[in-house]
Amino acid sequence: MNAKKIAFIQPIITSYRVEFFKQLSKIYDLDVVACKPDAKEGFNTAESYPFNTLTSFIKFKFGRFFYQTGLLKLKHPIILSYGNLNNIALWLLLIKSSLFTGQKIILHGQGLYNGAGFVKRVMYKAALSLADAYICYNAFSRDETIKVLPRFKMKLHYASNTLFLNTSLSEKELTGKSERKDILYVGRLRNDCGLDLLIEALQQLKSNSNNNIRLKVIGEGELFEVYKKQYSGYTNIVFLGAIYEEEEILEVSKTCFCGIYPGDAGLSVVHYMSMGLPIIVHDSFNLHMGPEPAYVEEGKCGVFFERNNASSMAQAIAKMGNTDDWDSLAKNSLNKYKELNGESVVNAFSNLINEV
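To keep things clear, this report deals only with the structure shown in the data block. Counting of residues starts from 1 at the beginning of each chain's written sequence and follows it residue by residue. Residue-level local features of this predicted model are given only where pLDDT is at least 70; pairs of side-chain atoms are given and counted only at 80 or more, and the full residue set underlies all totals for whole chains, interfaces and linings. Note: side-chain values were computed over all heavy atoms of the structure, leaving out hydrogens and water.

## Structural notes on the sheet that holds strand β14 (residues 279-282)
Phase 1 of the analysis: The strand order across the open sheet formed by 6 strands is β12-β11-β10-β13-β14-β15, and the pairing between neighbours is parallel. Looking at which strands have only one partner, the edges of the open sheet turn out to be β12 (237-241) and β15 (302-305). Between one strand and the next, the sheet's axes are offset by a mean angle of 25°, whatever the strand orientation.
Phase 2 of the analysis: In the sheet, β14 pairs with β15 via 4 bridges, with the strands oriented parallel. Pairing between two strands requires that DSSP report at least two bridges joining them. The helix count covers DSSP runs of H or I at least four residues long, the strand count covers runs of E at least two residues long, and both are numbered beginning at the N terminus. Helix axes use the C-alpha atoms of the stretch in contact, all axes being lines fitted to C-alpha atoms, and the angles between their N-to-C directions lie in the range 0 to 180 degrees.

Take a look at the structure:
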């Protein structure tokens, strides 16, 4: 029996999605359609992949809107696509499939976990009317989207967004808190990442309690050189640049008692969980970059602070540093990562693909 032929449209192929596509390609005749990223964006990509790929390009941009080439040429009976509704080609594909070709279109995205103004709500209504299904990044995202657009409840599904990493850590390998004096930031260094706020919080801790906590920063991006120069005189700030080997990142994390994202977070929280690190993020879930911080539970695997508040962040860091429950927090964080991967995102996608 021949496997179903499907296409999966992406902006780029990120390293953490390679294993997902590899597993999906074992079930279906899969083509992944994606652009090649600008090296300055800080993503790790490969020259070749263990699945078929089709290269597309961003032909033009007009404000927030853009056109991704190659989408209208796809003949696959089932097409999955990231749900960026600023992609003009995606709208044309939705209209074409609805009126002419009968291709099944499944969208995959963040949904409306962060609310929606009038224009965004209208765009989602139109997209959901044309699409066959929409897979939200997690249950929180799906539930929040249903609150905004209840009439589309039957089209809204979820698959817990996670990271497929080439490393594994057991509870037995978690070192105790006594050996951990640093904190860890992993992510792209971009506008609104919140690194300035984090450093301000660390300076407050140093001034108020003489607690000179060292921050390890892993990641690059458009502000990498700016930050390195700006904080070159800070002995407690270590910029390690981009590290792509997960085992190396894990080694760096073993001196850290938490992973922190000072701005609006997304999948970084899952990355911290994979290392068995308790997590510090702000508690305004609807304002995060993605819905993944909803995985964090106060007092179980993390501590929250008030968004854009350096003093609140400093208190959260101090609370984490002084907790007697660190071992429990670390184990719960690691087990949450294993739970997310155990749910099998591939199975969730496969079940829906087979239904449409």
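On we go.
## Description of a negative patch on the surface
Phase 1 of the analysis: Patch rule: a residue counts if its relative accessible area is over 30% and it has no salt bridge; like charges are joined within 9 Å, and nonpolar side chains (Val, Leu, Ile, Met, Phe, Trp, Tyr) within 5 Å. Using a 1.4 Å probe, accessible areas were evaluated by the Shrake-Rupley method; residue-level cover was limited to the displayed protein chains. Put simply, a salt bridge is a Lys or Arg side-chain nitrogen that is within 4 Å of an Asp or Glu carboxyl oxygen. His is not counted, nor are the chain ends, whereas Lys and Arg count as positive and Asp and Glu as negative. By convention, charge coordinates are those of NZ in Lys, CZ in Arg, CG in Asp, or CD in Glu. Taken together, the side chains of E173, E245, E247 and E248 define an acidic patch exposed on the protein surface.
Phase 2 of the analysis: Here E248 lies in helix α7 (residues 246-253).
Phase 3 of the analysis: Each residue's exposure class comes from its accessible area (1.4 Å probe, protein chains only) as a fraction of the maximum for that residue type: buried when under 20%, exposed when over 50%, partly exposed otherwise. Owing to a relative accessible area of 43%, E248 belongs among the partly exposed residues under this scheme.

## Concerning the packing of helix α5 (residues 195-209) against helix α9 (residues 310-322)
Phase 1 of the analysis: At a minimum axis distance of 8 Å, the contact between α5 and α9 shows a crossing angle of 65°. As α5 packs across α9, the resulting crossing turns out to be right-handed. Here L197, L198, E200, A201, L202, Q204 and L205 of α5 come into contact with α9, specifically with A310, S311, M313, A314, I317 and A318.
Phase 2 of the analysis: Just so you know the grouping, Ala, Val, Leu, Ile, Met, Phe, Trp, Tyr, Cys and Pro go in nonpolar, Asp, Glu, Lys and Arg go in charged, and all remaining residues, Gly too, go in polar. Tallied by class, residues from the contact of α5 with α9 come to 10 nonpolar, 2 polar and 1 charged. It is the rotation of the near helix from the far one that decides the hand of a crossing: anticlockwise by less than a right angle makes it left-handed, clockwise makes it right-handed. The contact criterion used throughout is that any non-hydrogen atoms of two residues lie within 4.5 Å.

## Focus: the pattern of salt bridges
It is possible for side chains bearing opposite charge to pair when their charged atoms get close.
Phase 1 of the analysis: Inspection of every chain in the model, using the stated rule, returns 12 salt bridges.
Phase 2 of the analysis: Ionic pairing is found between E144 and K147, a salt bridge with its closest N-O pair at 2.9 Å. Here E144 pairs with K147, and both are found in helix α4 (residues 139-148), just 3 residues apart, close to one helical turn.
Phase 3 of the analysis: Judged by relative accessible area, which is 17%, E144 ranks as buried.
Phase 4 of the analysis: Ionic pairing is found between K216 and D182, a salt bridge with its closest N-O pair at 3.7 Å. With K216 in strand β11 (residues 214-218) and D182 in strand β10 (residues 182-186), the pair connects residues that are 34 residues apart, well separated along the chain.
Phase 5 of the analysis: Judged by relative accessible area, K216 falls into the buried class, the value being 11%.
Phase 6 of the analysis: Look at the salt bridges and you will find they share partners, linking K5, D29 and D31 into a network.

## What about the pairing of β11?
Phase 1 of the analysis: Of all 5 residues in β11, 4 are buried; the element is thus mostly enclosed.
Phase 2 of the analysis: Summarising the sheet, β10 and β11 pair through 5 bridges and their orientation is parallel. Opposite D182, over in β11, you have R214 as the bridge partner.
Phase 3 of the analysis: Sheet topology places β11 next to β12; 4 bridges connect them, and they run parallel. Within β12, the residue paired with I218 across the bridge is G241.
Phase 4 of the analysis: We call a crossover right-handed when, viewed with the strands running away from us, the connection from the first strand over the helix to the second turns clockwise. Following the backbone out of β11, through helix α6 (residues 224-230) and into the adjacent parallel β12, one traces a crossover that is right-handed.

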